[in-house]
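# Structure at a glance
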Amino acid sequence: QVQLVESGGGLVQAGGSLRLSCAASGRTFSSYAMAWFRQAPGKEREFVAAISWSGSTTDYADSVKGRFTISRDNAKNTVTLQMNSLKPEDTAVYYCAVHRLIGIMSRNKYSYDGWGQGTQVTVSS
């Protein structure tokens, strides 16, 4: 069973930056793709970014491409989401998750588990 703990959220003005971190334990972290999702009030949880087990491949939702960067440190069992040029529409609870299958990366939230408690990101206009 994997445990994920997100941190780094907060309140920021539009155009600002935040850096989210996710600490993982309980599974061989380096064998699995990781992803960030977000959920705004009244909306479905949506894909934000994913990174392959090695960190060599990344994928971003169109809405964040060019503004967000996902990275991982397999030695420290952490994955990070650097968010720049934040917009009010980025406001949501952000979750990290680990893919269920070794070596596979996808955008499908049902392919991931280990959901943490999330971290709130609020961007004011």
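Located above this text is the structure these notes cover.
In this report, we go over the structure that sits alongside the text. (Residues numbered from 1 in each chain as written. Predicted model: local features only at pLDDT ≥ 70, side-chain atom pairs only at ≥ 80, totals over all residues. Heavy atoms only, no water.)

## Focus on the pattern of salt bridges
A side chain with one charge can pair with a side chain of the opposite charge if their charged atoms come near. A full pass over the atoms with the stated rule returns 7 salt bridges. As a salt-bridge pair, Asp62 and Lys65 come within 3.4 Å of each other at their nearest N and O atoms. By relative accessible area, which is 63% here, Asp62 ends up exposed. Note that Asp113 and Arg100 form a salt bridge whose closest N and O atoms lie 3.7 Å from each other. Here the residue Asp113 occupies a position in strand S10 (residues 112-113), and Arg100 occupies one in the loop between strand S9 (92-99) and S10, the gap between them amounting to 13 residues. Residue Arg100 is classed as partly exposed on the basis of its relative accessible area, which comes to 46%. (Salt bridge = Lys/Arg side-chain N within 4 Å of Asp/Glu carboxyl O. Buried < 20%, exposed > 50% of the residue type's maximum accessible area, 1.4 Å probe, protein only. Helix = DSSP H or I, 4+ residues; strand = E, 2+ residues; numbered from the N terminus.)

## Overview of the packing of aromatic side chains
Within the structure shown, the criterion is met by 4 aromatic pairs. Arranged with centres 5.1 Å apart and planes meeting at 65°, the rings of Phe37 and Trp115 form a pair that is edge-to-face. A residue pair is termed long-range when its members are at least 10 positions apart, and Phe37 in strand S4 (residues 34-39) and Trp115 in the loop between S10 and strand S11 (119-124) qualify at 78 residues. The class for Phe37 is buried, based on a relative accessible area of 0%. Judged by centre distance (6.3 Å) and plane angle (85°), the rings of Tyr95 and Trp115 are edge-to-face. (Phe/Tyr/Trp six-rings, centres within 6.5 Å; stacked < 30°, edge-to-face > 60°.)

## Some remarks on the sheet that holds strand S1 (residues 3-7)
Here 4 strands make up an open sheet; going across it, the order is S1-S3-S8-S7 and the pairing antiparallel. The open sheet has two free edges, formed respectively by S1 and strand S7 (68-73), since each of these has just one partner strand. The average undirected angle you get between the axes of adjacent strands in this sheet is 15°. Pairing analysis gives 6 bridges linking strand S3 (residues 18-25) to strand S8 (residues 78-83), with the strands arranged antiparallel. Looking at the pairing, Cys22 lines up with Val79 of S8. (Pairing = 2+ DSSP bridges. Axes fitted to C-alpha atoms, helices over the stretch in contact; angles between N-to-C directions.)

## Concerning the state of the cysteines
The tally for this structure, following the rule as stated, stands at 1 disulfide. Across a sulfur-sulfur distance of 1.9 Å, Cys22 and Cys96 are joined as a disulfide pair. Looking down the S-S bond of the Cys22 and Cys96 bridge, the torsion is 50°, so its handedness is right-handed. You can see Cys22 sitting in strand S3 and its partner Cys96 sitting in strand S9, a full 74 residues away along the chain. (Disulfide = S-S within 2.5 Å.)

## Regarding the pairing of S7
Only one face of S7 is buried: it carries Phe68, Ile70 and Arg72, and the other face, with Thr69, Ser71 and Asp73, is open. Pairing analysis gives 6 bridges linking S7 to S8, with the strands arranged antiparallel. Residue pairing in the sheet places Phe68 in a bridge with Met83 of S8. Connecting the antiparallel pair S7 and S8 is a turn made up of 4 residues, with Asn77 showing a positive phi of about 55°.

## Things to note about the nonpolar core
Membership of the largest hydrophobic core comes to 36 residues, with the highest contact counts inside it found for Trp36, Leu81, Met83 and Tyr94. Sorting the residues of this core by element identifies S3, S4, strand S5 (46-51), S7, S8, S9 and S11 as the ones contributing at least two each. Sequence-distant contacts of Met83, defined by excluding residues within four places in its chain, comprise Gly16, Ser17, Leu18, Leu20, Arg67, Phe68, Tyr94 and Val121. (Core = buried A, V, L, I, M, F, W, Y, C linked by side-chain atoms within 4.5 Å. Contact = heavy atoms within 4.5 Å.)

Purely geometric stuff here, so don't read any function into it on its own.
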